[in-house]
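# Residue-level structure breakdown
Here is how the chains run, residue by residue.
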Amino acid sequence: MILLLLACAGSGGDDSGAAETFLPEPGAWFFSWSDTLTGTCQLDDMESRQPTEPEEWGLELEANGFTFYDQYGYPVGCDLDDHDFSCSEGGYGVKYKGYDATEWITSGIEGTFDDETHVTGGYWIGADCYGDDCAEIGPEMYGSAFTYPCEAIAEFTGELGE
């Protein structure tokens, strides 16, 4: 009986082994972009057209994740799952006049925080198409090797600034 009491007493509410929730540091973050796109889209021009100098983005913590504010102050809400995050910017359709083709474009940001002050990831743009003329539209718009669906990614690294 005494052994049972001692065993139960030792299993009390000690939370010292509980994992802490990861949160990146809020503030000014500086992003450096790859000059070449990666992903599955085969474009004639794979230049990312991102700035060669680091861009300042803001990061503000929220109750269910965080918000990035890009270099223009545009907010993008992000979900955080431990060190990984995803930020959807949604999508929109483009109907091509004279064609039976509607292109659907989606975009977002995904990545991983290496720690509270360093991040790696990518800004992605996805393209899909619906209609009989999609095989014609894709190569005409983006290059002869282009096919739907695909995704182009501008990779980045970032760090918290001072």
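## Observations regarding the environment of Leu 23
Summarising the element assignment, Leu 23 is placed in the loop between α1 (2–10) and β1 (27–33). For Leu 23, a relative accessible area of 43% gives the class partly exposed. Between the alpha carbons of Leu 23 and Phe 66 there is a distance of 9.0 Å; along the sequence they are 43 residues apart. In contact with Leu 23, not counting residues within four places along its chain, are Leu 61, Leu 80 and Glu 116.

## Quick look at a negative patch on the surface
Where like charges cluster on the molecular surface, the negative patch consists of Asp 79, Asp 81, Asp 82 and Asp 84. By the secondary structure assignment, Asp 79 is in strand β5 (residues 75–81). Overall, the relative accessible area of 48% leaves Asp 79 in the partly exposed class.

## Some remarks on the confidence of the model for the protein chain
Mean pLDDT for the protein chain: 89, with 88% of residues reaching 70 or above. Every residue in residues 1–12 scores below 50 in pLDDT, and together they form 0 contacts with partners more than four places removed in sequence or on other chains.

Rules of the game
- Residues numbered from 1 in each chain as written.
- Predicted model: local features only at pLDDT ≥ 70, side-chain atom pairs only at ≥ 80, totals over all residues.
- Heavy atoms only, no water.
- Helix = DSSP H or I, 4+ residues; strand = E, 2+ residues; numbered from the N terminus.
- Buried < 20%, exposed > 50% of the residue type's maximum accessible area, 1.4 Å probe, protein only.
- Contact = heavy atoms within 4.5 Å.
- Patch = residues over 30% accessible without salt bridge, like charges linked within 9 Å, V, L, I, M, F, W, Y side chains within 5 Å.
- Areas by Shrake-Rupley, 256 points an atom, 1.4 Å probe, with all protein chains shown as cover.
- Salt bridge = Lys/Arg side-chain N within 4 Å of Asp/Glu carboxyl O.
- Lys, Arg positive; Asp, Glu negative; His and termini not counted.
- Charge placed at Lys NZ, Arg CZ, Asp CG, Glu CD.
- pLDDT = per-residue confidence, 0-100.

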